[in-house]
Every structure is written in C-alpha cells, then in structure tokens.
Amino acid sequence: MRIDVKQCAQILAQQDNILILTHAHPDGDTLGCGFALCRALLKLGKICYVVNADEIPKKYDYLYEDIAPIKFKQDYVVAVDVATENLLGELEGKYHIDMCIDHHSTNTEYADNLLLEDVPAACQIVFEVIKALGAEMDDKIANCLYTGLTTDTGCFRYASTTADTYRAAAQLIEFGADNGKINRVMFETKTKTYARLERLALDSMRFYENERVAIITITQEMYQLTGSNEQETEAIAPLTRQIEGVEIGITIREKADGTCKASIRTFERVNAAVLAKNFGGGGHNQAAACRFDCSVKEARERLVEKCGELLNDGNNLC
C-alpha cells in the first residue's frame, strides 16, 4: 500500500519497539535516514534501533556513536532507502518488513510504502516525516539528514538535486548541521589505504564502445595489496564519470566468494537503472547497481555487451 508523509508519521506515532533496517554496503543516505529516524523516535519515547548486515565504515561514526545499542523484540520493522529486500544482504528474510521509506524508481513495494521517486535522497523524505511526527530537531538529527542529502547528490552536483533539496539543506544547517565538516569528511578526506586502492583502481580502468564506456575492476587481490577493503570503495564509482566522453561508467567489485557487484554511473542521456535492471538490479536514472553470480571477467563481458546494445539503440537509452 502506498502511503504519504502524514500517514507514515501517524503510523510510526502509534508503534513502539521499532527496528530500522538499512541496506547492505551502507552509504550516507541509508545510514543518515536510519539514525535520524531513530533519534527522532527516541525523543518521542519509543524503543528503537538501527541494524545493518555489514560493518559500518568508520567515517560515519558521528551518526550514532552516542546511541547505546539496545536489545528488544521488535514489534514493527521499517526499511529506509532499501528498494528491494535483497539489498538487505544477510538480513534479507530475517524480518517481516512493515514499512519502507524510499526514493528509488525500482522499488518493489514489498511493504507499506512511502515512495517519492523525484526526491534525490531518502533523507529528504525522512526530514519531512520527522517534522510531521513533531519530534524536536537538534544538531545530531540535522547532521544525519545532511549526510544523506550531500552524499546522494554528490555534494549537490548531480542533476537530480532540486530546489527543495537546497531548501532542506539550508534548514538543516539552521538546525545545526555541520555542513563544512561533513562535506570535508565525505568528499575531501582519504585514508592512506584508500589512496593506494584508488591508484590501482584507476590503473585498471579500460574503455569500450569507442571510449563511451569506462570500467574499473576492483579485485580481492587489490584489497590485500593496499590494506583496504570494500567499505572504502564508495568514492571510487563516481571516478568513471569524470573522464571526458564517457557516457557509462562502471565499477565492478569482486566479492570474497568470487561473485561481484557492479556500480553504474551515467549522465542524463543514459538511464543507469535501465542497464542495471537487465541484470536484476536497479537504482536511479544516473546511479544504479546490480549483482553477478559469476567472475569479474564474465560480468564485464556481459555489461559491455549490454552497454553496446543500449548506446547503439537510442530508443532504449532512457
């Protein structure tokens, strides 16, 4: 069932013992949503907490470091920024999900759904929900929400950013969001292990379809050589879009079990979600992802073939 912001707030106000699920390989938007909503519900006297299948990257510590983990039997489960249940990773199937708050056009509507597809970050939706709940805003909630806004819009550079997004960001700064520090941590600060991984990633970049497609491959060997890990790959995917003439940029990450995941970045002419959907994935018009139960080499071959089909058939681009 589709619900709106007001209905979402009314339902949450009536519930307690609320568990909030965020998607695997977490980013700033899913974590920002989860911990902002958790903080707001705690202010309203609710019992709630946020869980994720994977270890949360250290750079996001400020979102939750003062929230004490609690164990409780959940009576209501909310997924945030999770388009499909398989994005939950190892949490998939462990919980009956009652509500989903999301902004992906590929959402499968597996729960009562607050879905606003034209909003560039799920945190922008959660901001409206928190206001509708009547929870008192503070700098910690503002930091969580601002983190989602800035990371899912590429520091407000992506075409998906709207005037309402800028207005929401301004309001969050007024509530105390440390925009300068957050932007610096998210976009300008690199660990030494990441810097080494980025160098190898750029060395791996190959071009296809008259250099309109750029593909980076990240292998388990690269993690071993650099001391890095999958948590540090979030900033690599956008690198492929920075090359002049590239219309489709793809980063393929090899998993420990030999399978892999592809992150797709495009500009307005090519719909990344259309490409990802061919392989059971999804996402946004310019940012999407999909998984492969095969080697990096085979995944790359399949992606290159499909990219060629899309680029050479204008009717399928968007």
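For the structure, see preceding data.
Peer 1: Can you help me understand the overall build of the chain in this one?
Peer 2: Across its full length, the chain holds 10 helices and 11 strands. Relative to a compact globule of 318 residues, whose C-alpha radius of gyration would be 20 Å, the chain shows 19 Å and is just as compact. Once the C-alpha set of the chain is aligned to its principal axes, its extents read approximately 55 × 45 × 40 Å. Counting only residues that meet the buried cut, the chain has 53% of its 318 residues in that class. At a minimum sequence separation of 6, the contacts of the chain that also span at least 24 residues come to 64%. With the model as given, the accessible surface of the chain reaches about 14400 Å², and the carbon-plus-sulfur share is 46%. In the chain, which carries 34 positive and 48 negative side-chain charges, the distance between the mean positions of the two groups comes to 3 Å.

Peer 1: How do you make sense of the environment of Ala68 when you look at a structure like this?
Peer 2: Along the chain, Ala68 falls in the loop between β2 (48–51) and β3 (76–80). For Ala68 and Ala142, which are 74 residues apart along the polypeptide, the C-alpha to C-alpha distance reads 19 Å.

Peer 1: In this structure, what is going on with the environment of Leu239? I would like to understand it.
Peer 2: Tracing the chain through its elements places Leu239 in the loop between α8 (220–226) and β8 (248–254). For Leu239, a relative accessible area of 12% corresponds to the buried category. In this view, Leu239 contacts Tyr194, Glu198 and Leu202; residues no more than four positions away in its chain are not counted.

Peer 1: What should I look at first to understand the pairing of β8 in this one?
Peer 2: Counting buried residues in β8 gives six out of seven residues, a clear majority hidden from the surface. By the bridge criterion, six bridges tie strand β7 (residues 213–218) to β8 in an arrangement that is parallel. By the bridge assignment, Thr217 is partnered in β8 with Ile252. Taking the residues that link successive antiparallel strands as the turn, the β8-strand β9 (residues 260–266) hairpin has five residues, and the phi of Gly258 there is positive, at about 95°.

Peer 1: Which parts of the structure should I look at to understand the sheet that holds strand β10 (residues 282–283)?
Peer 2: Pairing between the strands of a sheet comes from backbone hydrogen bonds, and it takes one of two forms, parallel or antiparallel. A sheet is described by the order of its strands in space; here six strands give the open sequence β6-β7-β8-β9-β11-β10, paired in mixed fashion. Both edges of this open sheet fall to β6 (206–208) and β10, since each of them pairs with a single strand only. Where β6 and β7 come together, three bridges link them in antiparallel fashion. Bridging from a neighbouring strand, Phe207 pairs with Ala214 of β7. Sitting on the sheet, helix α10 (residues 296–311) is in contact with β6, β7, β8, β9 and β11 (287–292), with an inclination near 165° to β8.

About the cut-offs
Residue positions are given per chain, counting from 1 as you read along its sequence in written order. With pLDDT at 70 or above as the cut-off, local features in this predicted model cover only qualifying residues; side-chain atom pairs require 80 or more to be listed or tallied, and sums for whole chains, interfaces and linings still use all residues. Side-chain numbers here rest on the full set of heavy atoms in the structure, without hydrogens or water. Segments assigned H or I by DSSP are reported as helices when at least four residues long, segments assigned E as strands when at least two residues long, and all are numbered from the N terminus. Between the two quantities, the radius of gyration covers C-alpha atoms and the globule rule is 2.2 Å times the number of residues to the power 0.38. Three labels apply to residues, based on accessible area from a 1.4 Å probe with only protein chains included: buried if under 20% of the type maximum, exposed if over 50%, partly exposed otherwise in between. A contact between two residues is defined here by any heavy atoms of the two lying within 4.5 Å. Areas reported as accessible are Shrake-Rupley estimates using a 1.4 Å probe. Residue values count occlusion only from the protein chains shown. Counted as positive: Lys and Arg. Counted as negative: Asp and Glu. His and the chain ends are not counted at all. A single reference atom marks each charge: NZ on Lys, CZ on Arg, CG on Asp, CD on Glu. Two strands are counted as paired when DSSP detects at least two bridges linking them. Interaxial angles span 0 to 180 degrees and are taken between N-to-C directions of axes, which are lines fitted to C-alpha atoms, for helices over the stretch in contact.

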